[in-house]
Amino acid sequence: MKKLLETTEANTEGRETLFLGGEKDGNEFNQLSNALNQMLNRISKDQENVKLSIHSLRQANLDLKKAQNDIISAEKLASVGRFSAGIAHEIGNPLAIIVGYLELLKRKDISPSEREDFITRTESEISRIHRIIRQLLDFSRPSSNTIGRISVHDILSDISTIFQYQPLMRHVELKLSLSAREDGVRADASLLRQAFINLAINAADAVNQAGKTGALVVETLNFPSNHANETHQWLEVTFTDNGIGIPADQLNFIFEPFYTSKAPGKGTGLGLSVCYMIIEAAGGRIEARSEEGIGTKMIIDLPVCNGE
Ligand SMILES: Nc1ncnc2c1ncn2[C@@H]1O[C@H](COP(=O)(O)OP(=O)(O)OP(=O)(O)O)[C@@H](O)[C@H]1O
Ligand SMILES: [Mg+2]
């Protein structure tokens with residue numbers, strides 16, 4: 001009995017001593033010892049299995065995270081590609097203007113003041129090209145993976161400048177109405193930018209598909225939390241367009257990866273699923289409201305961050 005007690009205590013401290021016993025006689029202590037030994041073996045096997053399960057769950061989690069990051073990067077490359085096409089087109093105009101001025105500068109019959117003027121204009125076209133390229137580089141730079149307090153208004157203003165040059169926006173008027181007083185959130189700036197750009201591209205596509213001159217209005221506002229234990233405010237960002245809208249029976253699918261209503265080559269169906277992941281990672285939520293033929297409103301709520 002004493003031996004049994006000692007062994008039980010040893011095992012509760014994690015030592016691997018097994019009970020004595022094993023003799024096949026009918027002694028009840030031996031029978032009890034054998035039963036306890038079997039139980040101990042089972043426990044240690046179970047522990048091994050639990051350890052293995054935890055390990056494979058950890059690995060699955062890591063794999064999932066990596067797959068999510070890969071999707072976000074792939075999606076970003078797709079939009080960089082689309083932007084580059086717009087930018088290449090936009091650089092064509094100033095280049096043509098520069099070539100024209102260079103032709104003029106070659107002529108002998110121009111006055112010194114004309115010469116001065118052509119040179120200044122050439123310089124300003126060159127800076128325009130420089131600015132356009134800078135913006136594409138800024139957008140395509142890989143995410144720095146740094147999460148910190150960032151200004152959502154800065155990001156939105158930035159995006160409105162990039163979109164100015166996009167042929168995609170030729171028939172879409174972009175209006176910003178940034179009335180939130182608190183626009184700081186904790187997120188990865190380049191990811192949040194990617195999410196907002198996706199929403200703006202979708203809105204522009206929807207307006208262009210409607211075949212009319214339309215508008216995209218981006219608004220921000222603050223609202224208090226309605227949970228007693230949440231002390232922070234919320235920042236709401238809405239993207240409202242008057243494009244083709246989304247049929248009611250499709251509204252539930254738009255955030256699913258690869259759901260697209262666009263022609264092959266025009267859309268991969270990853271834009272909104274990536275937005276969803278990015279907004280969720282920033283502690284927020286995203287929701288769509290739409291009416292076919294009228295337009296769409298995408299609503300993003302993010303927790304306001306006041307500190308560092
Ligand atoms: N503002 C909008 N107006 C109308 N339909 C929209 C709007 N935003 C999204 N959708 C619908 O949701 C679908 C999924 O959008 P999502 O951004 O995920 O993919 P996509 O735009 O088709 O392709 P990708 O963004 O990968 O190039 C779109 O194909 C479209 O049908
Ligand atoms: Mg899209």
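Residues numbered from 1 in each chain as written. Chains lettered and ligands numbered in written order. Predicted model: local features only at pLDDT ≥ 70, side-chain atom pairs only at ≥ 80, totals over all residues. Heavy atoms only, no water.

For the rest of this paragraph, the subject is helix H5 (residues 189-210). With 22 residues, H5 extends 32 Å from end C-alpha to end C-alpha; this agrees with the ideal 32 Å at 1.5 Å per step. The buried count for H5 comes to 16 of 22 residues, which makes it a mostly enclosed element. In this structure Asp 188 caps H5, since a side-chain oxygen of it lies 3.1 Å from the backbone nitrogen of Ser 190. Phi turns positive one or two residues past the end of H5, at Gly 211, with a value near 65 degrees. (Helix = DSSP H or I, 4+ residues; strand = E, 2+ residues; numbered from the N terminus. Expected span 1.5 Å × (residues − 1). Buried < 20%, exposed > 50% of the residue type's maximum accessible area, 1.4 Å probe, protein only. Polar contact = N/O pair within 3.5 Å; in protein donor to acceptor, adjacent residues only side chain to side chain.)

If you check the shell around ligand 1, you find 18 residues, and the closest are Thr 260, Ser 261, Lys 262, Thr 268 and Leu 272. Asp 241 has a polar side-chain atom sitting 2.9 Å from a nitrogen atom of ligand 1. Between ligand 1 and Ser 261 there is a distance of 2.5 Å, counted from an oxygen atom to a side-chain nitrogen or oxygen. Burial of ligand 1 by the surrounding chains reaches 92%, relative to a free accessible area of 590 Å². Secondary structure elements with two or more residues in the shell around ligand 1: H5 and helix H6 (271-281). Examining the composition of the shell around ligand 1, we find that 3 residues originate from one element, H5, more than from any other. (Near = heavy atom within 4 Å. Areas by Shrake-Rupley, 256 points an atom, 1.4 Å probe, with all protein chains shown as cover.)

All right, on to the domain arrangement of the protein then. The domain boundaries assigned to the protein delineate domain 1 (2-64) and domain 2 (149-308). One C-alpha centre belongs to domain 1, the other to domain 2; they are set 56 Å apart. (Domains from an automatic or database assignment.)

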